[in-house]
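# Overview (structure and organization)
Each chain, written out:
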Amino acid sequence: VQLQASGGGPVQAGGSLRLSCAYSERTSRRFVMGWFRQAPGKNRDFVAAINWSDGSRSYADSVKGRFTISRDFAKNTVYLQMDGLKPEDTGVYYCAADGALIRSSWANPTQYDYWGQGTQVTVSS
């Protein structure tokens, strides 16, 4: 499985960005797709995840109500709509996938087998 993340860039606080993660495998309906972010010198933190088959979602508390994760079957793509961006949202955003995760593991980056290359998001105040 190959993942390709895009859509990052500079934005002012309060603005919006939409990240995309396109992946290569058509047999993806069993996958969990996640978004993580990493600020310089910090750990890779969970942002959001979605179960590809049933659409169930999970969000980090810090982004609830501001970010929305969604999927497009036809385009084999997962999106992260980010609204109300804050400077603390700055970091490299990675998409990840795994085919065998239980919900309690969705927020653990070590449980994902496949990763995209990351896209930089910079929010200025």
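Predicted, not measured: the structure shown is a model, and the values here were computed from it.

Looking now at the overall build of the protein. Scanning the protein from terminus to terminus reveals 0 helices and 11 strands. Taken from the N to the C terminus, the helices and strands of the protein come in the order β-β-β-β-β-β-β-β-β-β-β. Relative to the globule expectation of 14 Å for 125 residues, the C-alpha radius of gyration of the protein, 13 Å, shows essentially globular dimensions. Projected onto its principal axes, the C-alpha positions of the protein cover 40 × 30 × 25 Å. Taken across its 125 residues, the protein has 46% of its residues classed as buried. Summed over its atoms, the accessible surface of the protein is roughly 6200 Å², and 46% of this surface lies on carbon and sulfur atoms. One way to put it: in the protein the 14 positive side-chain charges average out to a point 4 Å from where the 10 negative ones average out.

Quick look at the pattern of salt bridges now. Applying the stated criterion across every chain yields a total of 3 salt bridges. Lysine 64 serves as the salt-bridge partner of aspartate 61, at 3.1 Å between the closest nitrogen and oxygen. Between arginine 66 and aspartate 89 there is a salt bridge, with its nearest N and O atoms 2.8 Å apart. Remark: aspartate 89 occurs in the loop between strand 8 (77-82) and strand 9 (91-98) and arginine 66 occurs in the loop between strand 6 (57-59) and strand 7 (67-72); sequence separation between them is 23 residues. Judged by relative accessible area, which is 13%, arginine 66 ranks as buried. Residues joined in a network through salt bridges with shared partners are Arg37, Arg66 and Asp89.

Before going further, it helps to examine unusual backbone geometry. Non-glycine residue asparagine 76 carries a positive phi angle of around 50 degrees. With respect to the secondary-structure elements, asparagine 76 resides in the loop between strand 7 and strand 8.

What follows is about the side chain of aspartate 89. What makes aspartate 89 buried here is its relative accessible area of 1%. The residues touching aspartate 89, leaving out its near neighbours within four places in the chain, are Arg37, Arg66, Phe67, Gly84, Val121 and Val123.

Conventions adopted
Residues numbered from 1 in each chain as written. Predicted model: local features only at pLDDT ≥ 70, side-chain atom pairs only at ≥ 80, totals over all residues. Heavy atoms only, no water. Helix = DSSP H or I, 4+ residues; strand = E, 2+ residues; numbered from the N terminus. Rg over C-alpha atoms; globule rule 2.2 N^0.38 Å. Buried < 20%, exposed > 50% of the residue type's maximum accessible area, 1.4 Å probe, protein only. Areas by Shrake-Rupley, 256 points an atom, 1.4 Å probe, with all protein chains shown as cover. Lys, Arg positive; Asp, Glu negative; His and termini not counted. Charge placed at Lys NZ, Arg CZ, Asp CG, Glu CD. Salt bridge = Lys/Arg side-chain N within 4 Å of Asp/Glu carboxyl O. Contact = heavy atoms within 4.5 Å.

In short, the description is geometric, and any link to function would need to be established separately.
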